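Each chain is listed here by its residues.
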Amino acid sequence: MQLGARMQQITIDRAAAARYGLSVDMIDQALYDSFGQRQIGEYQTQIGQYQIVLEVEPGQFSRVGTLNSLFLRSPITGGMVPLSAVAKIEEQRPGPLFINRSGLAPSATISFNLAAGVSLGEAISAIERMKTDLGVPASVGGRTQGTARAFEESLATQPLLIAAALVAVYIILGVLYESFLTPAVILSTLPSAGLGALLLIWLWGLDFSVMALIGVILLIGIVKKNGILMVDFALDAERRRGLDAEQAIYEAAVTRFRPIIMTTIAALLAAIPLMLAIGTGAELREPLGVAVVGGLLVSQVLTLFSTPVAYVVLKRFSGRQRASLAASGA
């Protein structure tokens, strides 16, 4: 209800109204009789028809004191009860002009800018820590929007993308070599590459972004060729010259050492400009270069040792399986 230049609200004391036998509806009807222009009848003349409207005097509409002059008849005592005895008139506080909603729930948007040298991942982690420190109740939820939400979604899908790439590579190698174990030997070079990529990204002070993920996927293709060079040579030596697994993979590691080093150095030198972030917009490509360089450095040191070990172990396992099947068949 608007009285004067300010908004007024009426708060009803239900306990006081009950003592007089007054209900909320009776109070509401009395207010409507006074300020709602209730039509209570009409009369007609020879030239027109007129409506009878019940209301207070027009000059009293804008005065707060008008409400104090209203009386209601009590059903219990039969006397007149002033409105001020059962209701309190208060000035209504100004509220927001509009309320933002998200999924039918009221919401508020909190925006932030990144300080110099602070990554988006660090900012999101700081916000989560702040929520924990403030003791935000469970009924209050929140979610990121814009760039921050795209960043979180990319983080959520990164393990699936890496797993899909590994499965695709395994299937292709399995079809080429017609074996389930040989692709596993080749893919045994990838953990060292992933470890090197993550380690250098951490030392460089970068987040594992989408570009870093692309670098890891590139590593899957670059690093596995080291395993392919050695395993393919060892399999050929076993078939053509009758060498056992240990001799074949040792000769493969020695013979293929130079082409492995040459291809690795070529890929490493190509990724160094990306890692050094030279040129306009280079900060976008920097995580890719760091991931590739770190993965190549670590995998180059470990591949020449881990791949022969994995090859010999899986060959012995395969030999025991064939011997067990032959014994059970006999």
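Remember, it's a predicted structure, so these values are computed and weren't measured experimentally.

Participant: Is there a simple way to explain the overall build of the protein chain in this structure?
Facilitator: Tallying secondary structure elements over the protein chain gives 11 helices and nine strands in all. In the protein chain, buried positions account for 30% of the 330 residues. Considering only residue pairs separated by 6 or more positions, the protein chain has 65% of its internal contacts joining residues 24 or more positions apart. Element-wise, carbon and sulfur atoms account for 62% of the exposed surface of the protein chain, whose accessible area totals about 21,200 Å².

Participant: I would appreciate a short explanation of helix α10 (residues 257–275) in the present structure.
Facilitator: An α-helical turn contains 3.6 residues, so any two residues separated by three or four positions project in the same direction. Here α10 is 19 residues long and its end C-alpha atoms lie 26 Å apart, about the 27 Å a rise of 1.5 Å per residue gives. Listed in full, the buried residues belonging to α10 are Ile260, Thr264, Ala267, Leu268, Ala271 and Met275. Backbone geometry just downstream of α10 places Ala277 in the positive-phi region, at approximately 55 degrees.

Participant: Hey, could you run me through the nonpolar core in this one?
Facilitator: Looking at soluble globular proteins, one finds that nonpolar side chains tend to be buried together. In terms of nonpolar packing, the biggest core is built from 43 residues, with Met230, Ile249, Leu296 and Tyr311 touching the most fellow members. Per element, the largest residue contribution to this core is 12 residues, and it comes from helix α8 (residues 210–241). With residues near it in sequence (within four places) discarded, Met230 still touches Ile249, Ala252, Ala253, Arg256, Ile260, Thr303, Leu304 and Thr307.

Participant: What is the right way to look at the side chain of Lys224 in this model?
Facilitator: Of note, Lys224 is situated in helix α8. Buried within the structure, Lys224 lacks any salt-bridge partner; its nearest side chain of opposite charge belongs to Asp232, at an N-O separation of 12 Å. Contacts of Lys224, omitting those with residues within four sequence positions, involve Val169, Ile186, Thr189, Leu190 and Leu219.

Participant: For this particular structure, what's the right way to read the pairing of strand β3 (residues 38–44)?
Facilitator: Two faces belong to every sheet, and in a regular strand the side chains alternate between them. With six bridges connecting them, β3 and strand β4 (residues 49–54) associate as antiparallel partners. Counted as the bridge partner of Gln44 is Gln49 from β4. What sits between the antiparallel neighbours β3 and β4 is a turn of four residues.

Criteria and cut-off values
Residues numbered from 1 in each chain as written. Predicted model: local features only at pLDDT ≥ 70, side-chain atom pairs only at ≥ 80, totals over all residues. Heavy atoms only, no water. Helix = DSSP H or I, 4+ residues; strand = E, 2+ residues; numbered from the N terminus. Buried < 20%, exposed > 50% of the residue type's maximum accessible area, 1.4 Å probe, protein only. Contact = heavy atoms within 4.5 Å. Areas by Shrake-Rupley, 256 points an atom, 1.4 Å probe, with all protein chains shown as cover. Expected span 1.5 Å × (residues − 1). Core = buried A, V, L, I, M, F, W, Y, C linked by side-chain atoms within 4.5 Å. Lys, Arg positive; Asp, Glu negative; His and termini not counted. Salt bridge = Lys/Arg side-chain N within 4 Å of Asp/Glu carboxyl O. Pairing = 2+ DSSP bridges.

In short, the description is geometric, and any link to function would need to be established separately.
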